[in-house]
Amino acid sequence: MAGLCRVVSGLQYRVRLSSRFLRSSFSSDSGPAEGPVSGFAAAFDQQEVLRRETQSSAAGPKASSSGPELSFAALLRRSPLIQMGPAKDAVVVGRVFRVVRDDLYIDFGGKFHCVCQRPAGADGLQPGSRVRLRLQDMELTARFLGASTDTTLLEAQAVLLGPKEAGSGGEHHQND
Amino acid sequence: MAVRALTRGFRYSRAATVASPCGGHHYVTAPSVKPPQPQADDVTEKILNQPLEKPDFFRVAELFSLKDLFDARVHLGHKKGCRHRLMEPYLYGCRLDHDIIDLDQTMEHLQLALNFTAHIAYRGGIILFVSRRRQFGHLVETTAKDCGEYAHTRYWQGGLLTNANIQYGPGVRLPDLIIFLSTLNNVFQQHVGIRDAAKMNIPTVGVVDSNCNPSLVTYPVPGNDDTPAAVELYCRLFKMTINRAKDRRKQMELLHGLSAPTSQTSRYALK
């Protein structure tokens, strides 16, 4: 008990010495082949771990959660595309990236874009404007007679609901 | 190469012409065609062999991460009905009829493909970018221009590779690597270039989507080839790899004290 108190109080003074000691120990031997550490070494390791954890959590919770620890399975499971569920009648936010006369090419974060007709009064929809869509299908495919695979149109189908108002959040926002 | 021969190997060529008749074995090498230059050859051999000692000499694995691939939507495949039977090992699963490509496998395959591309670029090989997707034609052409290589995004004539000597004249140099940003042509058949490259023993790197046939591609990279974000990522990665490899070659040449790169030695004939 007394030993522990001494270690904790002396930690600040000995940080410089012990960091130098740690560095030299890493360079001298390739791996920790000493066996179970005890006493000052164990307590120091524990304090280091605690200090690092507090530092990393103070730096930013976002950085640690989306850091390199996330596997593909975890990334996929938390992605908006999977969380959305079936694409039928899902309301999403898209971005117009090309306008050809009356056709708007809208990218909403899926594999394909969708093409919608510009509604009558909405002349403010330019490339870069955000719109709300109701998805019908993420990819238009159909199996025709005599074919071995589906024929795909390389497009999604969606109904344009209107421009996205700048303040209304809380809707599905695909990664863009 | 001729320039180097004159500057460095001239005195050695004399010795060789004297020595060859005396030896028991007569090597039929005309000294004027390939003069022996032990000094320059050793250095060039060292330059060529040094990258082969490490598995990732050009550190291509640093250029991308799983998160980059995921954000570029590389894992999205076509619908279940469009799936090619041979792509099934590369798929992670199928979610609501949409195929998901396994990005762990894609990471490995992409690393192999980029590493191979880097080695080819390091050795001064000709790389040809091919894609028949009209949406990305300009992007592929600008990528090829930026890294000093070639692109073919137009109609592929039948005998481009197989009949090259007749169509383009004798002694034409074919590409040493063909990179397909999309292995399908506009009618969803496999691009003719894949079969032709296999016939002409040209290695290929190809981005194969879930409706493509990966069999004849030497280094298939399972991934999305329809979304602009994904194709931009591939173009950027290939461009960075090729530029990195070429810069490394220049660095190695300067390091080993070979002549400063002149305009004649811009395409090294040594392989």
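Rules used in this analysis
Residues numbered from 1 in each chain as written. Chains lettered and ligands numbered in written order. Predicted model: local features only at pLDDT ≥ 70, side-chain atom pairs only at ≥ 80, totals over all residues. Heavy atoms only, no water. Helix = DSSP H or I, 4+ residues; strand = E, 2+ residues; numbered from the N terminus. Contact = heavy atoms within 4.5 Å. Areas by Shrake-Rupley, 256 points an atom, 1.4 Å probe, with all protein chains shown as cover. Core = buried A, V, L, I, M, F, W, Y, C linked by side-chain atoms within 4.5 Å. Buried < 20%, exposed > 50% of the residue type's maximum accessible area, 1.4 Å probe, protein only. Buried area = accessible area lost by both parts, 1.4 Å probe. Salt bridge = Lys/Arg side-chain N within 4 Å of Asp/Glu carboxyl O. Polar contact = N/O pair within 3.5 Å; in protein donor to acceptor, adjacent residues only side chain to side chain. Pairing = 2+ DSSP bridges. Axes fitted to C-alpha atoms, helices over the stretch in contact; angles between N-to-C directions. Parallel < 35°, antiparallel > 145°, perpendicular 65-115°, else oblique. Left-handed = near helix turned anticlockwise from the far one by under 90°. Nonpolar A, V, L, I, M, F, W, Y, C, P; charged D, E, K, R; others polar. Right-handed = clockwise from strand over helix to strand, strands pointing away.

Undergrad: Mind laying out the overall build of chain A, listing which residues take part and the relevant values?
TA: A count of helical and extended segments in chain A gives five helices and seven strands. Helices and strands appear in chain A in the N-to-C order α-α-α-α-α-β-β-β-β-β-β-β. For chain A, the share of sequence-separated contacts (at least 6 apart) that also reach a separation of at least 24 residues comes to 60%. About 11,700 Å² of surface is accessible on chain A, with carbon and sulfur atoms providing 57% of the total.

Undergrad: I'd like a rundown of the nonpolar core, residues and numbers included.
TA: With 47 residues, the main nonpolar core has B:Val74, B:Ile127, B:Phe129 and B:Ile179 as its most contacted residues. If one sorts the elements of this core by residue count, helix α9 (residues 228–255) of chain B sits on top with 10 residues. Setting aside chain neighbours within four positions, we find B:Ile179 in contact with B:Thr117, B:Ile127, B:Leu128, B:Phe129, B:Val130, B:Val205 and B:Phe238. Counting residues in hydrophobic clusters, the runner-up holds 21 residues, among them A:Ala90, A:Cys116, A:Ala122 and A:Ala156.

Undergrad: Before we move on, could you go through the interface of chain B and chain A and cite the residues and values that matter?
TA: Counting from both sides, the interface comprises 29 residues of chain B and, opposite them, 29 residues of chain A. Summed over both partners, the interface of chain B with chain A comes to about 2,300 Å²; 64% of that surface belongs to carbon and sulfur atoms. By the criterion of area lost to chain A, the three top residues of chain B are B:Phe70, B:Arg73 and B:Lys79, representing 25% of everything that side buries. Counting across the chain B and chain A interface gives four salt bridges. Notably, a salt bridge pairs A:Lys111 with B:Asp209, separated by 2.7 Å at the nearest N-O pair. The interface formed by chain B and chain A includes 13 residue pairs in polar contact (both at pLDDT 80 or more). Looking at the side of chain B that touches chain A, the elements with two or more residues in it are α4 (66–71), β1 (76–79), β2 (91–95), β3 (98–101) and α5 (103–122) of chain B.

Undergrad: Summarise the sheet that holds β3(B); cite the residues concerned and give the values.
TA: Residue and element names in this part refer to chain B. A sheet is described by the order of its strands in space; here three strands give the open sequence β1-β3-β2, paired in antiparallel fashion. Pairing within the sheet leaves two strands with one partner each, and these edge strands are β1 and β2. Neighbour to neighbour, the strand axes of the sheet diverge by 25 degrees on average, direction disregarded. Pairing analysis gives two bridges linking β1 to β3, with the strands arranged antiparallel. Bridge pairing in β3 places lysine 79 opposite histidine 98.

Undergrad: Please give an account of the packing of helix α6 (residues 137–146) of chain B against α9(B) that cites residues and values.
TA: All names here are of chain B. Taken N-terminus to C-terminus, the directions of α6 and α9 make an angle of 10 degrees; their axes are 9 Å apart at the nearest point. Classed by the angle they form, the pair α6 and α9 counts as roughly parallel. Two packed elements cross with a definite hand, and for α6 against α9 that hand is right-handed. Contacts from Leu139, Val140, Thr143 and Asp146 of α6 reach α9 at Val231, Glu232, Cys235, Lys239 and Asn243. A per-class count over the contact of α6 with α9 returns four nonpolar, two polar and three charged.

Undergrad: Can you lay out the environment of B:Val217 for me, pointing to particular residues and giving the numbers?
TA: Residue and element names in this part refer to chain B. Its place among the elements puts valine 217 in the loop between β7 (204–208) and β8 (219–222). Looking at valine 217, the relative accessible area reads 5%, which means it is buried. It is 22 Å that separates the C-alpha atoms of valine 217 and lysine 79, two residues lying 138 residues apart in sequence.

Undergrad: How would you summarise the pairing of β7(B) if you had to cite specific residues and measurements?
TA: All names here are of chain B. Burial analysis of β7 places five of its five residues in the buried class, which makes it a mostly covered element. Burial along β7 is two-sided: Thr204, Gly206 and Val208 and Val205 and Val207, pointing in opposite directions, are all buried. Of the pairings in the sheet, the one linking strand β6 (residues 177–180) to β7 comprises three bridges and is parallel in character. Bridge assignment links phenylalanine 180 to a residue of β7, and that residue is glycine 206.

Undergrad: Can you explain the side chain of B:His75? Please cite residues and give values.
TA: Examined against the element boundaries, B:His75 turns out to sit in the loop between α4 and β1. Aside from chain neighbours lying at most four places away, what touches B:His75 is A:Phe72, A:Leu76, B:Phe70, B:Asp99, B:Ile100, B:Ile101 and B:Leu103.

Undergrad: Could you give me a rundown of the side chain of B:Thr117, with the residues and numbers involved?
TA: Structurally, B:Thr117 is set in helix α5. B:Thr117 has contacts with B:Ile127, B:Leu177, B:Ile179, B:Val205, B:Phe238 and B:Ile242, leaving out every residue within four places of it along the chain.

Undergrad: I'd love a proper account of the pattern of salt bridges, names of residues and values included.
TA: Across all of its chains, the model carries 21 salt bridges over all chains by this definition. Ionic pairing is found between B:Glu88 and B:Arg83, a salt bridge with its closest N-O pair at 3.9 Å. Using a relative accessible area of 23% as the deciding quantity, one classes B:Arg83 as partly exposed. Beyond isolated ion pairs, a larger network of salt bridges with shared partners links A:Lys111, B:Arg133, B:Asp209 and B:Asp226.

Undergrad: Go over the pairing of strand β4 (residues 127–130) of chain B with me, naming the residues and quoting the values.
TA: All names here are of chain B. What you see with β4 is no split at all: Ile127 and Phe129 on one side and Leu128 and Val130 on the other are buried throughout. The pairing of β4 with strand β5 (residues 150–152) spans three bridges and is parallel. Paired with leucine 128 across the bridge in β5 is tyrosine 150. Where the polypeptide runs from β4 across α6 and back to β5, its parallel neighbour, the crossover connection is right-handed.

Undergrad: Run through the packing of α5(B) against α9(B), naming residues and quoting values.
TA: Residues and elements named next belong to chain B. Where α5 contacts α9, the two axes come as close as 8 Å, and the packing angle between them is 40 degrees. Taken together, the axis directions place α5 and α9 in an arrangement best described as oblique. Here the hand of the crossing between α5 and α9 comes out right-handed. For the pair α5 and α9, the contacting residues are Leu110, Leu114, Thr117, Ala118, Ala121 and Tyr122 in the first and Leu237, Phe238, Thr241, Ile242, Ala245, Lys246, Arg248, Arg249 and Met252 in the second. Here the contact of α5 with α9 is composed, by residue class, of 10 nonpolar, two polar and three charged.

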